[in-house]
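Working through the structure, step by step
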Amino acid sequence: MTTRGFPDGFTWGTATSGYQIEGAVAADGRGTSIWDTFAHTPGRVMNGENGDVANDHYHRYAEDVALMASLGLGAYRFSISWPRVMPDGGGEVNQRGLDFYRRLVDALLEEGITPFATLYHWDLPQKLEDAGGWPARDTAYRFAEYAAAVHEALGDRVKHWFTVNEPWCAAFLGYASGDHAPGLRSPELSVRAAHHLLLAHGLAAPLLRGGGGLAGAAPNLYAVSPASDDEADLDAVRRIDGLQNRFFLDALLRGSYPADVLQDLAPFGFQEVIQDGDMELIGGPLDHLGVNYYSRHTVSASSDGGLVATSPFASASPWPGASHVSFVHGGRPVTDMGWEVDPGGLHEILTWVAKEYPSVPLYITENGAAYVDTVVDGAVDDPERVAYIEAHLAACRDAIADGVPLKGYFAWSLMDNFEWGWGYGKRFGLVHVDYETQKRTPKSSALWYGRAARQNGLP
Ligand code: PNW
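Below you will find a few notes about this structure. (Residues numbered from 1 in each chain as written. Predicted model: local features only at pLDDT ≥ 70, side-chain atom pairs only at ≥ 80, totals over all residues. Heavy atoms only, no water.)

1. What about the side chain of S445?
Basically, it comes down to this: Elements are defined by DSSP. Helices are runs of H or I of four residues or more, strands are runs of E of two residues or more, and each kind is numbered from the N terminus. Definition of a polar contact: a pair of N or O atoms within 3.5 Å, with one able to donate and the other able to accept a hydrogen when the atoms are protein atoms, and with sequence-neighbouring residues admitted only if both atoms are side-chain atoms. Should any heavy atoms of two residues lie within 4.5 Å, those residues are considered in contact.
Position of S445 relative to the elements: it lies in helix α15 (residues 444-455). Separated by 2.5 Å, the side chains of S445 and D382 make a polar contact. Residues in contact with S445, not counting those within four places in the same chain, are D382, R385, V386, G429 and L430.

2. Description of helix α8 (residues 167-175)
Which entries qualify depends on this criterion: Partly exposed describes any residue whose relative accessible area lies between the buried limit of under 20% and the exposed limit of over 50%, with all areas from a 1.4 Å probe on protein chains only and scaled to the type maximum.
Of all nine residues that make up α8, nine are buried, and the element is covered over most of its length. Every buried residue of α8 is listed here: P167, W168, C169, A170, A171, F172, L173, G174 and Y175.

3. Some thoughts on the site of the ligand
Rules: Any residue with a heavy atom positioned within 4 Å of a molecule or strand is treated as near that molecule or strand. Here the Shrake-Rupley method, with its probe set to 1.4 Å, supplies the accessible areas, and only the displayed protein chains count as covering residues. Under this grouping Gly is polar, as are all residues other than the nonpolar Ala, Val, Leu, Ile, Met, Phe, Trp, Tyr, Cys and Pro and the charged Asp, Glu, Lys and Arg.
Neighbouring the ligand are 18 residues, the closest being Q20, H121, T310, E366 and E419. Note that an oxygen atom of the ligand is positioned 3.2 Å from one of the side-chain N or O atoms of Y294. A distance of 3.1 Å separates an oxygen atom of the ligand from a polar atom in the side chain of W412. For the ligand, whose accessible area on its own is 450 Å², the fraction buried by protein is 99%. Of all elements in the fold, only α8 and β6 (220-226) reach the threshold of two or more residues within the shell around the ligand. Among the residues making up the shell around the ligand, the classes are represented as ten nonpolar, five polar and three charged.

4. Notes on the nonpolar core
Stated formally: We call a set of buried residues a nonpolar core when its members are Ala, Val, Leu, Ile, Met, Phe, Trp, Tyr or Cys and they connect through side-chain atoms within 4.5 Å of each other.
Ranked by size, the top nonpolar core spans 158 residues in total, and within it W35, I80, Y120, W134 and Y449 carry the most contacts. Take this core: its biggest share by element is eleven residues, from helix α9 (residues 187-208).

5. Describing the environment of S300
Secondary-structure assignment places S300 in strand β7 (residues 288-300). For S300 and S326, which are 26 residues apart along the polypeptide, the C-alpha to C-alpha distance reads 5.3 Å. A distance of 2.8 Å separates the side chain of S300 from the side chain of S302, its partner in a polar contact.

6. A short note on the packing of helix α3 (residues 57-71) against helix α5 (residues 95-110)
Helix-helix packing: each pair is described by the crossing angle between the helix axes and the interaxial distance. Short version of the rule: Axis geometry follows a simple rule: fit a line to the C-alpha atoms, using only the stretch in contact for helices, then measure angles between N-to-C directions, giving values from 0 to 180 degrees. We call two directions roughly parallel when the angle between them is under 35 degrees, roughly antiparallel when it is over 145, roughly perpendicular when it lies between 65 and 115, and oblique otherwise. The handedness criterion is simple: a crossing whose near helix is rotated anticlockwise from the far helix by less than a right angle is left-handed, and one whose near helix is rotated clockwise is right-handed.
Where α3 contacts α5, the two axes come as close as 9 Å, and the packing angle between them is 15°. On the basis of their axis angle, the class for α3 and α5 is roughly parallel. By crossing handedness, the relation of α3 to α5 is classed as right-handed. Between α3 and α5, the contacting residues are H57, Y58, Y61, V65 and M68 on the first element and R96, F100, R103, L104, A107 and L108 on the second. Looking at the contact of α3 with α5 residue by residue, the classes come out as eight nonpolar, one polar and two charged.

Put into structure tokens, the structure is as follows:
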């Protein structure tokens, strides 16, 4: 029993994000976000799908919270929609938008489920994009204004905060490859966006720490390995690991960007974006670090491979300074996203982070897999997802045994949802969603995971 167990107080949760589940895009004074605009632009999302209705969670949150409670889950990571709270991105606060999150949080607390709130999961108010978006420094100051408004409304109830989710995706899929909103293709803009997303974190974190709040960021990290021992492939690893992992972690936890990445990004004018005092803000105290982990990248300096499919329409590179690098298959089984399953990579990332950036408490803020699920007699049996989550939880447990300060795990996702450029075709949920009827059906993975949560260990 003990070897399958986790430390007392380990947090077991699931995660979602606002645009992916809420729907109700016109309700209660919500403003438009860049994802509304992007999804309504033909050719951006598979089958022309969008988040207008999504899982209708805005109206069904009580049912969804009851579902979490019935599964025995102790925590829930959700994101707050900036344009619900500030329809124009700054200035006037929309009380009705804040009220939704107050109702959600109260419902969670009533069931004994600890809320973990993320402030930015990619739904930038369109008004701010029109004014320059993340490449504009002002967006970081508007984010701080938004963070202060949210903290004032919810800070008495929410103690666990994440500022930005996956700034790599927001900057490089949004502004370099154009696979995500706002769909721009400029390496110069993308590196500006990356810095300002981190600056936004740095400005907001101190505001969230008031009243006993704990603040962190949630970058997506990858294990990275070379296709061969060739020097050129090792340099490809350096570049990809640099931009995906070290760029964000060094900034957040050391208050500096890695020298080699600064050099790779110099052709895009990156140095000029950084102002005096920025790095002190970005590298300020961090109460916890969220790690989103899905897979490993195997990289080559040759053009043998391709890009990782970040949307069905992917074409441009999301890797400024490494656009010559290609991604090859490492020979592991893949999920329905085409992403390789590599739990060993999670152990590698966790032990590496704990060694390089010691003493910051860690959470796995996302981990999970898309598979093709079928409903048979009102039930969904998804043994592949159970195996994926079990193997990654075992990697977490082993990392804890190796001394990694891992405090909790959030499965992505509570339920099937709008998977960005892929629309509703990719299902990451522990709970199946029928988009015709909005019926929720716990898959066998949900029942398995609930058992793990209740016994604080692998079943
Ligand atoms: C993350 N990539 O997105 C997000 O935080 C979630 O909203 C999303 O649903 C989940 O992972 C599954 O995709 C990513 O192409 C999107 O490298 C794309 C990539 C990575 C993460």
